[in-house]
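Take a look at the letters that make up each chain.
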Amino acid sequence: MTAPNRHIVVVEDAVALAEAAADRLIERIEANPGRIAICMTGGSSPKRLYELLATEPYRSEIPWDRVHWFIGDDRFVPSGDPLNNMTMARTAFLDACAPLANVHPIKTDVANPDEAAALYARELQSFYGTDKLDKAKPLFDLVLLGVGPDGHVASLFPGYPAIEVKDRWVVGVPEAHVKPFVPRVSLTQPALASCREMLFLMSGEDKRAILTRVLKGQDLPANRARSDGETVWLCDKAALPDDARG
Ligand SMILES: O=C(O)[C@H](O)[C@@H](O)[C@H](O)[C@H](O)COP(=O)(O)O
């Protein structure tokens, strides 16, 4: 099952998926001798991966001083709130492993999601050194994504205006039609695409229905999301559609 610069990697189960994702992250880090930028996702899909990065051998393999950690979207709730994606990542591994200066949360102690979005865009552009994305010089080494039951990625929900935004890097999303029903802040498609690799994490039978829709080519944010580099769908067997499980 392939499409332009997209391929699917099938692994046995959730444990194998976390290990395969960690291995790909290490490969991306080893391929870049300079400063690394990883764009994480929230939700439950990446949690096992994040916890794995704090354990050996990964903890010793990661050059923590030159890896920077961003988040592809967050809920517009106070940092420290259990709904906050970056809080989940910090608890899972960043607080134990990464220099604080290398962790770049979306700041939500501002008036509204739009203000948080503008602030984060400025932080990304300052880190990147320009406000113009360049396909030859990706913003991120790796973008991690989960997929919601409606086919959303980050907080780009189907049918919402944010999915069409191409002239900004980060947008405010005033409300969400899926849990948690709180405002969001999300990177846009062009910002998410600016990466050497986009890695989807699809684990468990709960993902089977939406992965079936994705593989049928339905117009979903998950199908519109595409790396300027390599797009990889990492799926365990439980997530595969019935006809793909053999
Ligand atoms: O803020 C969020 O919730 C995530 O960034 C979101 O995009 C998530 O990746 C999908 O909703 C899948 O969520 P699960 O991994 O929990 O299935």
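Criteria and thresholds
- Residues numbered from 1 in each chain as written.
- Predicted model: local features only at pLDDT ≥ 70, side-chain atom pairs only at ≥ 80, totals over all residues.
- Heavy atoms only, no water.
- Helix = DSSP H or I, 4+ residues; strand = E, 2+ residues; numbered from the N terminus.
- Rg over C-alpha atoms; globule rule 2.2 N^0.38 Å.
- Buried < 20%, exposed > 50% of the residue type's maximum accessible area, 1.4 Å probe, protein only.
- Contact = heavy atoms within 4.5 Å.
- Core = buried A, V, L, I, M, F, W, Y, C linked by side-chain atoms within 4.5 Å.
- Salt bridge = Lys/Arg side-chain N within 4 Å of Asp/Glu carboxyl O.
- Pairing = 2+ DSSP bridges.
- Phe/Tyr/Trp six-rings, centres within 6.5 Å; stacked < 30°, edge-to-face > 60°.
- Lys NZ or Arg CZ within 6 Å of the ring centre and 35° of its normal.
- Arc of directions from axis to C-beta.

Concerning the overall build of the protein chain
Right, so step 1: Check the secondary structure of the protein chain and you find 8 helices and 10 strands.
Right, so step 2: Over its C-alpha atoms the protein chain spans a radius of gyration of 17 Å, differing by no more than 12% from the 18 Å that the globule rule assigns to 246 residues.
Right, so step 3: Across its three principal directions, the C-alpha atoms of the protein chain cover 50 × 45 × 35 Å.
Right, so step 4: Buried residues in the protein chain amount to 56% of all 246 residues.
Right, so step 5: Long-range contacts, defined as pairs at least 24 residues apart, comprise 75% of the intrachain contacts of the protein chain with a sequence gap of at least 6.

Section: the side chain of Thr41
Right, so step 1: Locating Thr41 in the fold gives a position in the loop between β3 (36-40) and α2 (47-53).
Right, so step 2: Once residues within four sequence positions are removed from consideration, Thr41 is found in contact with Pro46, Tyr50, Ile71, Asp73, Met88, Leu144, Leu145 and Gly146.

Some remarks on the nonpolar core
Right, so step 1: Membership of the largest hydrophobic core comes to 90 residues, with the highest contact counts inside it found for Met40, Trp69, Phe93, Phe140, Phe200 and Trp233.
Right, so step 2: A total of 9 residues in this core trace back to one element, the largest contributor, which is helix α1 (residues 14-30).
Right, so step 3: When neighbours within four sequence positions are excluded, Phe140 is seen to be in contact with Ala37, Ile38, Cys39, Phe70, Leu124, Leu187, Ala191, Ser194, Cys195 and Arg196.

Quick word on the pattern of salt bridges
Right, so step 1: Applying the stated rule across the entire model yields 16 salt bridges.
Right, so step 2: Across the pair Lys135 and Asp228 runs a salt bridge, and its minimum N-O distance is 3.1 Å. With Lys135 in the loop between α5 (113-128) and β6 (140-145) and Asp228 in the loop between α8 (221-224) and β10 (230-236), this pair connects stretches of sequence that are 93 residues apart.
Right, so step 3: Relative accessible area serves as the criterion here: at 65%, Lys135 is assigned to the exposed category.
Right, so step 4: Owing to a relative accessible area of 34%, Asp228 belongs among the partly exposed residues under this scheme.
Right, so step 5: The residue Glu205 makes a salt bridge to Arg208 at a minimum N-O spacing of 3.9 Å.

Notes on the pairing of strand β8 (residues 184-187)
Right, so step 1: Alternating residues of β8 divide into Arg184 and Ser186 and Val185 and Leu187, and every residue in both groups is buried.
Right, so step 2: Direction of pairing for strand β5 (residues 73-75) relative to β8: antiparallel, over a ladder of 3 bridges. For Asp74, the partnering residue across the bridge sits in β8 and is Val185.
Right, so step 3: Strand direction decides the pairing type here: strand β7 (residues 170-173) and β8, joined by 4 bridges, are antiparallel.

Concerning the packing of aromatic side chains
When we look at a pair of aromatic rings, we describe it by the centre distance and by the angle of the planes.
Right, so step 1: If you walk through the whole model with that rule in mind, you get 10 aromatic pairs.
Right, so step 2: An aromatic cluster is defined as three or more aromatic residues linked by ring pairs; in this entry it consists of Tyr50, Trp64, Trp69 and Phe93.
Right, so step 3: Sitting over the ring of Phe127, Arg35 keeps its end group 3.6 Å from the ring centre.
Right, so step 4: Sitting above the plane of the Tyr128 ring, Lys137 keeps its charged end 4.0 Å from the centroid.

Some details on helix α7 (residues 208-215)
Right, so step 1: Among all positions in α7, only Ile210, Leu211 and Val214 are buried. Down the axis of α7, the smallest arc covering the buried residues is 100°, so these residues share one side.
Right, so step 2: Summarising the contacts, the buried residues of α7 are in contact with β2 (6-11), β9 (195-202), α8 and β10.
Right, so step 3: With its phi angle positive at about 85°, Gly217 sits one or two positions after the end of α7.

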